[in-house]
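Geometric and topological summary
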Amino acid sequence: MHTILLAISTLLTSWQFAFEQQDHQLPAAQDRAWQEVTVPHDWAIYGPFDRKNDLQNVTVWQNGETFPSLKTGRSGGLPYMGSAWYKTTIQVPSLDSQVSLLFDGAMSEAEVYVNGEKAGYWPYGYNAFHVDITSFLREGENDIAVRLQNREQSSRWYPGAGLYRHVHLICSPSVHVPIWGTHITMPYVTDEMASINLKTRVTNALGKQITLRTQIVNKATGEVVDSLCSQYDVKHDLPLEQNFTLQHPLLWSPEAPNLYIARTYLYANGEEQEMKETVFGIRSVQIVPNVGFLLNGKVRKFQGVCLHHDLGPLGAAVNTEAIRRQLLILKDMGCDAIRTSHNMPAPELIDLCDEMGFMVMCEPFDEWDWGKCENGYHRFFDEWAERDMVNMLHHFRNNPSIVMWSVGNEVPTQCAPEGYQVAKMLQDICVREDGTRPCTAGMDQVSCVLENGFASILQVVGLNYRAYRYEEAYNKTPQRLVLGSETASTVSSRGVYFLPAVPDNTETITNMNHPGGNSKTNQCSGYDLQYCPWSNLPDEDFRNMDDYPWTIGQFVWTGFDYLGEPSPWDTDAWPSHASYFGIVDLAGIPKDRYYLYRAEWNKTAHTVHLLPHWNWQPGDTVPVMAYTDADEGELFLNGRSLGKVRKLSKAEAEAAAEAGDPLALQRRYRLIWDNIPWEAGELKVVTKYGEAVRHTAGKPHHIRITEEPYSQGNSGLHFLRVQVVDKDGHVCPEADHLIHFSTKGEGRFVAAANGDAANLDLFHLPKHHAFAGELTVIVEGNCTLTATAKGLKGQALTLTGPTPTLPTKGGR
């Protein structure tokens, strides 16, 4: 039960959930199908995985396919399809307030009912929307119900299912600031002075004397740095404006994410109505032809990644601490930017980017009016696109982390003769509703967009892949800048290495006779040399950023592996059901590639990382690589020097390529020893910045549990690394033991994952196989976790944290 008070926002977390049994019929109250659940809630993440779930026989045209094929695991192999209901009850003591429900996201085609009457509808599952339910309420008890429907073939990746983001109950006085009713801009920003403009919409203000008393507050210290009291005899429904000037403002940037609060007290005819807080940051954003992207007047290039919205074993249900963990891992890599691919993000992600210092490209759509999926967003675009855009822009336009809007990703419309008109329409909405940030789109059909004017109409030319066409795009477009809006799509499996180690287009990976793998492995090589037919290796993107001053950075596909889209193991290749693209795997464990990017991007700490593992067979000849920001390194095997290697210069790499060296470009960014005869023991690389070591592991002996440094404890979540090690503590790289977990105490086991895209262990069950000797376990609250496995010595670890709230899982 929830009691409404004036001018408050309450999270509605306690709901009942049931699958629909008759079309559009709410199951009876006494039906045993109802389960108690806690929202945010993803009904599909509990599985089971099944090849038959959302099989899609499609032609993926953006991947260069020309005929349909059977895509297994494309949307994660989880049962997200179907219709279901959520219901809860609220108490309304009186009817003298305006009451709204704000949904941060509801997957999907949400229908909202109040006391049995339909109060609202919003089809797009990724967008936030609000419903005024005042006229449907009665004094006392009120029933709220939400119907959701997810259709087959509605997504190219795992979308999640249900009320997977927060639901807010907002009660306001008659005269109030509406949801997303403030807009802060900064017409002038320097280190010495900043001009701040605050526009505030006030509902039911016409004919009244309105007073706005606003304080500008340093969020970190609580200090009031400026204030203003303004009075208005309101004769229109336009926003009410206030202007402030701050001396020596603390600017927002990834390195110093300073935040302020505009705290506004609203009065009507002398009576206080409510207080509204708007968090913002002071910073300037500019795009300058031939110069680049400027933040606070300084040129910088995005060191960004694309992120899908699922949280691996936690599914799509929003969890602030899990998102924070992702961002902390990326921060240590040197990442400074996130692209919300390809949908509106959760507000928790954007708030954390504000707080932690990540620039954001906010992107709403994967489809416009032409579809990629049979039941995708194209069904709603003509009617809903502007409303969806306006909601997104109003929701996030005050967030300093968002520095660019993207109006779409690889949309088929880009090749239509009138496609540029649709792009302009969406860009014009961004300018009209915000106007302080540039707009782009992720374009992959380069020939189309250069010829038909699509690329020229956008404020920033964003290319997805096609690294070899950057210079052409720069020369043929008036913007005189190119953004890598989506780059790399290199594929790898953590801890798995195939020989020979040569650059390899993945069209050949699934060939039985190819030395890089066979149809039984469902894995990709960790040497970071395998890529998709449409994509490339990281080194090509590094080269573009280094050699062309007019490039403004990149967003790598992807920061983390995600559920669904298991290219190259996507065509009749079950059980693969998760991606191989991630720099970090689905369990949150960094792959080798993480350190390749860290060596290039992290300017505050040194990197020395050695690969591969050192468990091979006698007679094997093994390539060895070191990812480091050092220019030179020396390799040792059991104390013997195997020689020094240094990175090649640009000219040397080009000469090596001319001479036929397949790894010429890689030698510019990696230290490579080509053919090392394997022998058991210790492999070590030494650089001026430190060393890295690999040992030949012995037989699996025991389980080791350590808590990640990314466990914050604020929500009681603990992220634990579980490893199978030999008697000397070396990780056994081929160990795949089934490990059982139990807890004792107030806490509970939440989920486990091992990063294997073909593993079908259910995340929520307290048993999981190791992959390459490791996995991640998530535990909530105070407890002792015990891990056991057949043939291994187990371990117990006692954890402390806040007492958890224990929801029933819900789902199939």
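Above: the structure in question.
Quick summary incoming for the structure in this document. (Residues numbered from 1 in each chain as written. Predicted model: local features only at pLDDT ≥ 70, side-chain atom pairs only at ≥ 80, totals over all residues. Heavy atoms only, no water.)

Some points on the packing of aromatic side chains
Note the following rule: Aromatic pairs are defined between Phe, Tyr and Trp rings, using the six-membered ring for Trp, whenever the two ring centres lie within 6.5 Å; interplanar angles under 30 degrees are classed as stacked, those over 60 as edge-to-face, and all others as tilted. Under the scheme used here, helices are H or I runs from DSSP no shorter than 4 residues and strands are E runs no shorter than 2 residues, and both carry numbers assigned from the N terminus. Relative accessible area decides the class of each residue, using a 1.4 Å probe on protein chains only: under 20% of the type maximum gives buried, over 50% gives exposed, and in between gives partly exposed.
Summed over the entire model, instances satisfying the criterion amount to 32 aromatic pairs. Ring geometry for Phe17 and Tyr86: centres 5.0 Å apart, planes at 50 degrees, overall tilted. Here Phe17, found in strand β2 (residues 14-19), pairs with Tyr86, found in strand β6 (residues 82-92); they are 69 residues apart in sequence, far enough to count as distant. Among the residues examined, Phe17 registers a relative accessible area of 0% and is labelled buried. Ring geometry for Phe365 versus Phe381: centroids 6.0 Å apart, planes at 75 degrees, classification edge-to-face. With Phe365 in the loop between β25 (359-362) and α3 (381-396) and Phe381 in helix α3, the pair connects residues that are 16 residues apart, well separated along the chain. Take Phe365: its relative accessible area is 0%, and that puts it in the buried class. Of the aromatic side chains, those joined through ring pairs into one cluster are Tyr124, Tyr126, Phe365, Trp368, Tyr377, Phe380, Phe381 and Phe454.

Things to note about the state of the cysteines
Such a bond, covalent and formed between the sulfur atoms of two cysteines, is termed a disulfide. Put simply, the test is: Working definition: a disulfide is two cysteine sulfur atoms within 2.5 Å of each other.
Counted according to the given criterion, the structure contains 1 disulfide. The disulfide bridge from Cys415 ends at Cys448, spanning 2.2 Å between sulfur atoms. With the S-S bond torsion at 100 degrees, the cross-link from Cys415 to Cys448 turns out right-handed. With Cys415 in the loop between β26 (402-409) and α4 (419-433) and Cys448 in helix α5 (residues 446-451), this pair connects stretches of sequence that are 33 residues apart. A residue is classified by how much of its surface remains accessible, and Cys448, at 23% relative accessible area, is partly exposed. In this structure Cys306 is a free cysteine whose sulfur lies 9.9 Å from that of Cys335, the closest cysteine sulfur available.

Re helix α8 (residues 538-547)
This is how the line gets drawn: By definition in these notes, contact holds between two residues if any of their heavy atoms fall within 4.5 Å.
Those residues of α8 not exposed but buried are Pro538, Asp539, Asp541, Phe542, Asn544 and Met545. Of the surrounding elements, those touching the buried residues of α8 are α7 (470-476), β29 (482-488), β30 (490-491), β33 (551-557), α9 (592-601) and α11 (666-669).

Observations regarding the pairing of strand β8 (residues 110-114)
Quick note on the threshold: If DSSP finds at least two bridges between two strands, the strands pair.
The element β8 is largely enclosed, with a buried count of 5 among its 5 residues. The side-chain alternation of β8 yields two buried faces, one formed by Ala110, Val112 and Val114 and the other by Glu111 and Tyr113. In this structure, β8 lies alongside strand β9 (residues 117-122), joined through 5 bridges in antiparallel fashion. Among the inter-strand pairings, Val114 is bridged to a residue of β9, identified as Glu117. Count of turn residues in the β8/β9 antiparallel hairpin: 2 residues, of which Asn115 carries a positive phi of about 50 degrees. Here 4 bridges tie β8 to strand β11 (residues 140-150), and the two strands are oriented antiparallel to one another. Counted as the bridge partner of Val112 is Val146 from β11.

Some remarks on unusual backbone geometry
Cis geometry is adopted by the peptide bond preceding Thr558, which originates at Trp557 and carries an omega value of -5 degrees. Within the secondary structure layout, Thr558 lies in the loop between β33 and α9. Cis rather than trans, the peptide bond between Ser567 and Pro568 has omega equal to 5 degrees. Checked against the element boundaries, Pro568 lands in the loop between β33 and α9. A positive phi angle, near 65 degrees, is found at Tyr465, a position not held by glycine. Among the secondary structure elements, Tyr465 is positioned in the loop between β28 (462-464) and α7.

Brief notes about the layout of surface pockets
The condition that has to hold: Cavity: a set of points on a 1 Å grid over the protein atoms alone where a 1.4 Å probe fits but cannot get out. Pocket: an open set with protein on both sides within 12 Å along at least five of seven lines, its lining residues, like those of a cavity, having an atom within 4 Å of a point. Grid points are joined across faces, edges and corners, and a volume is the space filled by probe spheres set on the points. In this classification, Asp, Glu, Lys and Arg are treated as charged, Ala, Val, Leu, Ile, Met, Phe, Trp, Tyr, Cys and Pro as nonpolar, and every other residue, Gly included, as polar.
One number sums up the size of the largest pocket: a volume of about 1400 Å³. Ser9, Leu102, Trp180, Lys276 and Glu277 are the residues nearest the centre of the largest pocket, which is lined by 42 residues in total. Of all the secondary structure elements, the ones that give two or more residues to the lining of the largest pocket are β1 (8-11), β7 (98-103), β10 (129-132), β12 (167-172), β19 (271-280), α2 (347-356) and α3. Class assignment of the residues belonging to the lining of the largest pocket gives a composition of 17 nonpolar, 15 polar and 10 charged.

Topic: the sheet that holds strand β17 (residues 240-247)
Adjacent strands of a sheet pair through backbone hydrogen bonds, lying either parallel or antiparallel. Selection rule: Orientation is described by axes fitted as lines to C-alpha atoms, over the contacting stretch for helices, and by angles from 0 to 180 degrees between their N-to-C directions.
Overall, antiparallel pairing links the 3 strands, which are arranged β13-β14-β17 in an open sheet. Whereas interior strands pair on both sides, the edge strands pair on one side only; in this sheet they are β13 (182-189) and β17. Between one strand and the next, the sheet's axes are offset by a mean angle of 20 degrees, whatever the strand orientation.

Observations concerning the nonpolar core
Which entries qualify depends on this criterion: We call a set of buried residues a nonpolar core when its members are Ala, Val, Leu, Ile, Met, Phe, Trp, Tyr or Cys and they connect through side-chain atoms within 4.5 Å of each other.
Within the largest apolar cluster, 190 residues are counted, with the highest numbers of intra-cluster contacts made by Trp15, Leu163, Phe302, Val305, Phe365 and Trp368. Tallying contributions element by element places α3 first for this core, with 8 residues. For Val305, the residues in contact, after removing those within four places along its chain, are Leu330, Met333, Cys335, Ala337, Ile338, Arg339, Phe555, Val556, Gly559, Ile583 and Trp601.

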